[in-house]
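# Tertiary structure, described
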Amino acid sequence: MDQIVSVSVIIVNYNTLHVVRPCIDSIVTHTKDVTYEIIVVDNGSTDGTVEALSEDKRVTLIQTSENLGFGKANNKGLEHARGEYVFFLNSDTLLKNNAIKILYDFAVDYQAELGALGCILEDRRGNRIHSYGQFPKMTDDFRKFLWIPILKAFHLYRESSIDYPEQWMKVDYVTGADLFVSRQVLDTCGAFHPAFFMYYEESEMEHRFQMHGYDNVLLNGPRIVHLEGEGSNDGKSSQFIRDTFRQERSLFIYYKLTEPRWKYYLYRIIHPVLRQTVWLNPHVSLHDKWQFVKQLFIFIKL
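Cut-offs used in this document
- Residues numbered from 1 in each chain as written.
- Predicted model: local features only at pLDDT ≥ 70, side-chain atom pairs only at ≥ 80, totals over all residues.
- Heavy atoms only, no water.
- Helix = DSSP H or I, 4+ residues; strand = E, 2+ residues; numbered from the N terminus.
- Polar contact = N/O pair within 3.5 Å; in protein donor to acceptor, adjacent residues only side chain to side chain.
- Contact = heavy atoms within 4.5 Å.
- Patch = residues over 30% accessible without salt bridge, like charges linked within 9 Å, V, L, I, M, F, W, Y side chains within 5 Å.
- Areas by Shrake-Rupley, 256 points an atom, 1.4 Å probe, with all protein chains shown as cover.
- Salt bridge = Lys/Arg side-chain N within 4 Å of Asp/Glu carboxyl O.
- Buried < 20%, exposed > 50% of the residue type's maximum accessible area, 1.4 Å probe, protein only.
- Phe/Tyr/Trp six-rings, centres within 6.5 Å; stacked < 30°, edge-to-face > 60°.
- Lys NZ or Arg CZ within 6 Å of the ring centre and 35° of its normal.
- Arc of directions from axis to C-beta.
- Core = buried A, V, L, I, M, F, W, Y, C linked by side-chain atoms within 4.5 Å.

## Considering the side chain of serine 131
One can find serine 131 in the loop between strand S6 (114-122) and strand S7 (132-133). Within the local environment of serine 131, its side chain forms a polar contact with the backbone nitrogen of leucine 121, the two atoms lying 2.8 Å apart. Of the polar contacts made by the side chain of serine 131, one reaches the backbone oxygen of isoleucine 129; its length is 2.7 Å. With residues near it in sequence (within four places) discarded, serine 131 still touches Cys119, Ile120, Leu121, Val174, Thr175 and Leu218.

Structure representation (structure tokens):
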């Protein structure tokens, strides 16, 4: 008979052996007094990850024949998860305390309907970094690409402060780097939408949680370091272009899934006009600008 598992930790890996092994070590070192399993979904890595983790008895290794992206790979891991709760954890993270136990205890004791649970993330120096946010809004484009540049031009722009809870607080969404969710919620609302490859997939999923009446919560207490960029950045200038393309496409998908159809098409018309950060960027080649133009007018089929 299989051992009862409280938490299934799912880690998606794509050529990040240099960070995923320390991540696994940190889980094993710090996790106490709660039963757990570690599932690593490898997205067709070529850096020796499969060979290394195949010999690691602490993990269940799931291999894919191609890079499925973040959401689809997590869904693949979910198929093998046995836990009452699922902890979607980035490969470029390090646990600094008994974070999984703290998250688990809070989730069990929460008095309302809990959707996604995350914590205040840190960088290597212990500084607080991006851990939560508001759901994207179509008006964000006007602020990001029009209003803020105008304010910066007149030296009037001031960064808004970020609030962090003393204990916990409700938020729109917690970042996908550390996403703690009950299996029941995932079964009720669905997991990651397969249309996404990367970016905004956690926002869309947590938007569904909220639409079903669940609270998304940021918790102060678990300590997790997020080595942002060390799990995906290949160090090439083309990375900026690829990331921009992926973010744009994923944002289109997000709005098509969450907004009325008329608003979605209106956004698709207005968005290219405001996107001068690509048009006017001298470091973006004419070829990449043309590729970007084509993407702006692609039909998103869901």
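## Considerations on a nonpolar patch on the surface
Residues Phe142, Trp262, Leu266, Ile269 and Ile270 make up a contiguous nonpolar surface patch of about 520 Å² in total accessible area. Considering each element in turn, the nonpolar patch owes the most residues, four residues, to helix H9 (residues 261-274). Secondary-structure assignment places isoleucine 269 in helix H9. Relative accessible area serves as the criterion here: at 61%, isoleucine 269 is assigned to the exposed category.

## Structural notes on the packing of aromatic side chains
According to the stated counting rule, one finds 15 aromatic pairs in the structure shown. Seen from their ring centres, phenylalanine 135 and tyrosine 173 are 6.3 Å apart, and the 25° between their planes marks the pair as stacked. Here tyrosine 173 lies in strand S9 (residues 173-174) and phenylalanine 135 lies in the loop between S7 and helix H5 (140-153), a separation of 38 residues in the sequence. One exposure class covers both phenylalanine 135 and tyrosine 173, and it is buried. Feature note: the residues Tyr200, Phe252, Tyr254, Tyr255 and Tyr267 constitute an aromatic cluster, connected by ring pairs. Cation over ring: arginine 268 sits above phenylalanine 252, and NZ or CZ is 3.9 Å from the ring centre.

## Side note on helix H4 (residues 99-109)
Of the residues making up H4, those classed as buried are Ala99, Ile100, Leu103, Tyr104, Phe106 and Ala107. Across the axial projection of H4, the buried residues extend over an arc of 165°, all falling on one side.

## Let's talk about the environment of tyrosine 85
One can find tyrosine 85 in strand S4 (residues 85-89). Judged by its relative accessible area of 10%, tyrosine 85 falls in the buried class. Residues tyrosine 85 and serine 182, 97 residues apart in the sequence, show an inter-C-alpha distance of 4.1 Å. Residue contacts for tyrosine 85: discarding those within four places in its chain leaves Ser6, Val7, Ser8, Tyr104, Ala107, Val108, Phe180, Val181, Ser182 and Arg183.

## Re the nonpolar core
Within soluble globular proteins, side chains that are nonpolar generally end up buried alongside one another. Within the largest apolar cluster, 36 residues are counted, with the highest numbers of intra-cluster contacts made by Val7, Ile11, Ile27, Phe87, Leu89, Leu117 and Phe180. By residue number, the principal contributor to this core is H4, which donates six residues. Those residues in contact with valine 7 that lie beyond four places of it in its chain are Val34, Thr35, Tyr36, Glu37, Gly83, Tyr85, Phe87, Ile100, Tyr104 and Phe180. One finds Val12, Val171, Val174 and Tyr214 within the second-largest nonpolar core, a separate group that totals 28 residues.

## Re the side chain of threonine 31
As for its position among the elements, threonine 31 is in the loop between helix H1 (17-30) and strand S2 (36-42). Relative accessible area serves as the criterion here: at 6%, threonine 31 is assigned to the buried category. Here the side chain of threonine 31 touches isoleucine 27 through a polar contact of 2.7 Å, landing on its backbone oxygen.

## Some thoughts on the pattern of salt bridges
One pass over the structure, following the stated rule, counts nine salt bridges. In this structure, glutamate 204 and arginine 208 form a salt bridge, with 2.7 Å as the shortest nitrogen-oxygen distance. In this pair, glutamate 204 and arginine 208 are both assigned in helix H7 (residues 201-211), four residues apart and thus about one turn of the helix distant. Accessibility assignment for this pair places glutamate 204 and arginine 208 in one class, buried. Sharing partners across several salt bridges, the network here consists of Asp25, Asp56 and Arg58.

## Concerning unusual backbone geometry
Note: most residues except glycine have negative phi, and most peptide bonds are trans. Despite not being glycine, aspartate 33 has its phi angle at roughly 60°, a positive value. With respect to the secondary-structure elements, aspartate 33 resides in the loop between H1 and S2. Even without being glycine, tyrosine 200 reaches a positive phi, approximately 70°. Relative to the elements of secondary structure, tyrosine 200 occurs in the loop between helix H6 (183-189) and H7. Its relative accessible area of 25% is what places tyrosine 200 among the partly exposed residues.

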